[in-house]
Amino acid sequence: MSTHPSTPAGARLSGRTVLITGGARGQGASHAERLASEGARVLACDVLDDAGKATATRLQEAGLDVEYMHLDVTSPDDWARAVQHARTATGRLDVLVNNAGIIHVNPLLEERAEDWNATLSVNVTGPLLGIQAAAPLMRENGGGSVINVASIFGVVGAAGYVAYCASKGALIALTKTAALELAADGIRVNALCPGGVSTPMNEHEKEGGVIPQTPMGRRAHVREISGAVAFLASDDSSFTTGTEMIIDGGFLAH
Ligand SMILES: NC(=O)c1ccc[n+]([C@@H]2O[C@H](COP(=O)([O-])OP(=O)(O)OC[C@H]3O[C@@H](n4cnc5c(N)ncnc54)[C@H](O)[C@@H]3O)[C@@H](O)[C@H]2O)c1
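The sections below set out a description of the structure shown in this document. What you see is a predicted model, and the numbers here were worked out from it, not measured in a lab. (Residues numbered from 1 in each chain as written. Predicted model: local features only at pLDDT ≥ 70, side-chain atom pairs only at ≥ 80, totals over all residues. Heavy atoms only, no water.)

Some thoughts on the sheet that holds strand E3 (residues 66-70)
Consider a sheet: its strands pair through backbone hydrogen bonds, and that pairing is either parallel or antiparallel. Just so we agree on the cut-off: When DSSP locates at least two bridges between a pair of strands, those strands are taken to pair. For helices the rule is a DSSP run of H or I covering at least 4 residues; for strands it is a run of E covering at least 2, with both sets numbered from the N terminus onward. In this description, a line fitted to the C-alpha atoms serves as the axis of each element, helices being fitted only across the stretch in contact, and the angle between N-to-C directions of two axes falls anywhere from 0 to 180 degrees. Working rule for contacts: check all heavy atoms of both residues, and any pair within 4.5 Å makes them a contact.
Ordered in space as E3-E2-E1-E4-E5-E6-E7, the seven strands form an open sheet in which the pairing is parallel. Edge positions in the sheet fall to E3 and strand E7 (244-247), since each of these pairs with one other strand and no more. Geometrically, the sheet is characterised by an average inter-axis angle of 20° between neighbouring strands, direction not taken into account. As paired strands, strand E6 (residues 187-194) and E7 are joined by four bridges and run parallel to one another. Bridge pairing in E7 links Leu192 to Met245. Together, strand E5 (144-149), E6 and E7 form the strand contacts of helix H5 (residues 162-182), whose direction differs from that of E6 by roughly 160°. Packed onto the sheet, helix H6 (residues 222-233) meets strand E4 (95-98), E5, E6 and E7 and runs at close to 165° relative to E6.

Printed below as a string of structure tokens:
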């Protein structure tokens, strides 16, 4: 089972089916472990098939119900296949964690349309396609919870990251609109805004990045984000929708 100390003894996600994008590594793999350790059956999806299979195997060997499936979040066909698999295997889909994301650095005036479009496509269009694919099955079972992984850089700017900031800001706005449209179906939609988190995304700048501006003086461990995902996935957050939850070691408190 899970090794982290904050895992509660209860199984508040027992009987629930969860789909996590970007689940091969980093935060997504940690979310898969946490939600499965709370009783969920987890479909971890990614484009990194070798890493995804290795993660699923590691978690299965720990006794967790985690399966890997290839899913490029920009592909409507891949989304249809993944949701159909959830339907066939478990008859339901309760939680969608839109966690996949990409980032690149370009000065604003040198930003290339190709990089801009790729970032918007994965970070914003991907979650939109995911909600469109998942909502009908969620609705059939009375509702569900969608968690869109945005960023503190959807709330404030970051020099050199124009496409990333624009994409995460758009994802927060998408979240609020989806929450309004889907509330009547029992589907809650929330955004999560992590500050710096230690993952492969920023391993090239171990001591730099946001750390100097973070009052707690460090990046989060992935497990510190997974606890919030578990809260938003579970009925403990049953009256929470349309919000952006900030978990940033104090970064935005300035
Ligand atoms: N690391 C941080 O400091 C930080 C801070 C705030 C928000 N975030 C966000 O958290 C999320 C998770 O990132 P991470 O830190 O674990 O980084 P990561 O690079 O380890 O994980 C991102 C995952 O998304 C997958 N992915 C990329 N494009 C995809 C696509 N088209 N289809 C499916 N999967 C795809 C990658 O293969 C990878 O497994 C991202 O949305 C990221 O923007 C990260």
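A closer look at the pattern of salt bridges
Spelled out, the test is: Within this document, salt bridges are pairs made up of a side-chain nitrogen of Lys or Arg and a carboxyl oxygen of Asp or Glu, the two lying within 4 Å of each other. Only protein chains enter the accessibility calculation, which uses a 1.4 Å probe; a residue whose area is less than 20% of its type maximum is buried, one above 50% is exposed, and one in between is partly exposed.
The final tally for this structure, using the stated rule, is 12 salt bridges. For Glu38, the salt bridge goes to Arg12, with nearest N and O atoms at 2.6 Å. Of this pair, Glu38 sits in the loop between helix H1 (26-37) and strand E2 (41-46) while Arg12 sits in the segment before strand E1 (17-21), placing them 26 residues apart in sequence. Arg12 gets classed as partly exposed once you look at its relative accessible area, which sits at 27%. The shortest N-O distance in the salt bridge between Arg16 and Asp235 comes to 2.9 Å. With Arg16 in the segment before E1 and Asp235 in the loop between H6 and E7, the pair connects residues that are 219 residues apart, well separated along the chain. When salt bridges with common partners are traced through the structure, they connect Arg12, Arg34, Glu38 and Asp236 into a single cluster.

As for the site of the ligand
The following threshold applies: Whether a residue is near a molecule or strand is decided by its heavy atoms; if any one of them lies within 4 Å of it, the residue is near. Under this definition, polar contacts are N or O atom pairs within 3.5 Å; protein pairs additionally need one hydrogen-donor-capable and one acceptor-capable atom, and for neighbouring residues in sequence, both atoms have to be side-chain atoms. Only the protein chains shown count as cover for residues, and the accessible areas themselves come from Shrake-Rupley with a 1.4 Å probe.
Around the ligand lies a shell of 28 residues, among which Arg25, Asp46, Asn99, Tyr164 and Thr199 are the nearest. At 2.9 Å, a backbone N or O of Gln27 approaches an oxygen atom of the ligand. At 2.9 Å, a backbone N or O of Val197 approaches an oxygen atom of the ligand. Bound to the protein, the ligand loses 93% of the 820 Å² it would expose on its own.

Some words on helix H2 (residues 49-61)
Note that an α-helix has 3.6 residues per turn; residues three or four places apart therefore point the same way. Formally: To estimate how far a helix should extend, the number of its residues minus one is multiplied by 1.5 Å. What the arc covers is the set of directions going from the helix axis to the C-beta atoms.
In this model H2 runs 18 Å from its N-terminal to its C-terminal C-alpha over 13 residues, within 8% of the 18 Å that 1.5 Å per residue would give. Three or more residues of H2 are buried, namely Gly52, Thr55, Ala56 and Leu59. Down the axis of H2, the buried side of the element spans an arc of 95°, and every buried residue falls inside it. Turned more than 90 degrees from where H2 packs its buried face, Asp50 and Glu61 sit exposed. In this structure, the buried side of H2 is in contact with H1 and E3.

Here's the deal with the environment of Ser30
When you line up the elements, Ser30 lands in helix H1. Sequence-distant contacts of Ser30, defined by excluding residues within four places in its chain, comprise Val222, Arg223 and Ser226.

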